[in-house]
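# Notes for the structure review
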Amino acid sequence: MDKRIAESELIINSRGAVYHLDVRPEELAHTIITVGDPDRVQGVSKHFDKIEGKYQHREFVTHTGYIGNKRLSVVSTGIGTDNIDIVFNELDALVNIDFNTRLIKPELTSLQIVRLGTSGALQDSIPVDSFVVSSHGLGLDNLMTYYAYENTTHEKQLLEAFRGQVALQPGGPAPSLFTASEKLHQHFRDGFHTGITVTCPGFYAPQGRVLRGTLSNPNLIDNLTSFNYDHHRITNFEMETSAIYGMGRVLGHECLSISAIVANRIRKEFTKDGGAVVASLIEKGLEIIAGI
Ligand code: R1P
Ligand code: URA
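The sections below set out a description of the structure shown in this document. (Residues numbered from 1 in each chain as written. Chains lettered and ligands numbered in written order. Predicted model: local features only at pLDDT ≥ 70, side-chain atom pairs only at ≥ 80, totals over all residues. Heavy atoms only, no water.)

The next subject is the site of ligand 2. Taken together, the neighbourhood of ligand 2 is formed by Thr-118, Ser-119, Gly-120, Phe-203, Gln-207, Arg-209, Phe-237, Glu-238, Met-239 and Val-262. The contact in question runs from a nitrogen atom of ligand 2 to an N or O atom on the side chain of Gln-207, over 2.8 Å. Residue Arg-209 places a side-chain N or O atom 2.6 Å away from an oxygen atom belonging to ligand 2. For ligand 2, whose accessible area on its own is 240 Å², the fraction buried by protein is 92%. Going through the elements one at a time, strand S5 (112-121) and strand S10 (232-238) are the ones with two or more residues in the shell around ligand 2. (Near = heavy atom within 4 Å. Polar contact = N/O pair within 3.5 Å; in protein donor to acceptor, adjacent residues only side chain to side chain. Areas by Shrake-Rupley, 256 points an atom, 1.4 Å probe, with all protein chains shown as cover. Helix = DSSP H or I, 4+ residues; strand = E, 2+ residues; numbered from the N terminus.)

This paragraph deals with the site of ligand 1. Neighbouring ligand 1 are the residues Gly-36, Asp-37, Arg-40, Ile-79, Arg-115, Gly-117, Thr-118, Phe-203, Glu-238, Met-239 and Glu-240. A distance of 2.9 Å separates an oxygen atom of ligand 1 from a polar atom in the backbone of Met-239. Interatomic distance of 2.5 Å between a side-chain N/O atom of Glu-240 and an oxygen atom of ligand 1. For ligand 1, whose free accessible area comes to 340 Å², the fraction covered by protein is 85%. Here the shell around ligand 1 takes three residues from S5, the largest share from any one element. A per-class count over the shell around ligand 1 returns three nonpolar, three polar and five charged. (Nonpolar A, V, L, I, M, F, W, Y, C, P; charged D, E, K, R; others polar.)

Remember, this is a structural readout, not a statement about activity or role.
Next up, the structure:
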């Protein structure tokens, strides 16, 4: 069987770079920070001691450089799990597919990937301007239904409890759930809340926000907030984490998602200075990541 990956499946541009990211294999570090907002990339790379290269195509901005001897890339994903599908397949291709032969490399590389994002808290006890590490990503989008993967026994138990406790709208999503990389999570305990992060396919109705549209599932937030299984609670909402953890499972990368809490949906509060809390998350996150 021809194992060569065709030009239509893995698109490499005239620069020899992967299509959406416009990054070449040698331009990517093996420790990667992902951020949603393209402008946040510079907010991370300004802390680098040396910048080796800057690349951009569409909303995907990548800066690669060094903190001390540690080589890092920071990549913006834009918003949503559909973008995570693109970014993660291309990051994986950059390290695990030979761009000359178009064959999967015999020795695979496992990347370390940490998301530094923003999020809304679903517990009264998690105030704005605090930080949450996602112990699990629970997807209410449908991205992971397109991939084959195995859940652990504990993940299956959590999913079963979720299906029993949280009613979703008829014809709604098939929830997916994945655990954070323990190798990365162990470095992010002090100063972080920890819990299950729910990943939504939108910012408004999918996160229970009402402006002028009417919700099909008005009890969603209450049910998520009161979910409890084996001391696991849902701490927050955002739009990428479950796909990051899911794609990490499928492709064999170590992934962790950390969020600055900019909104508390229970107290109905919003941060007074989103820039400051994100800047503080970046500083704290980089200090830890540079030392791993
Ligand atoms: C919505 O405003 C966006 O903010 C959050 C959500 O996940 C979504 O991407 O994360 P970022 O600030 O990292 O983009
Ligand atoms: N990002 C989200 O997706 N939701 C919030 O409430 C805040 C940030």
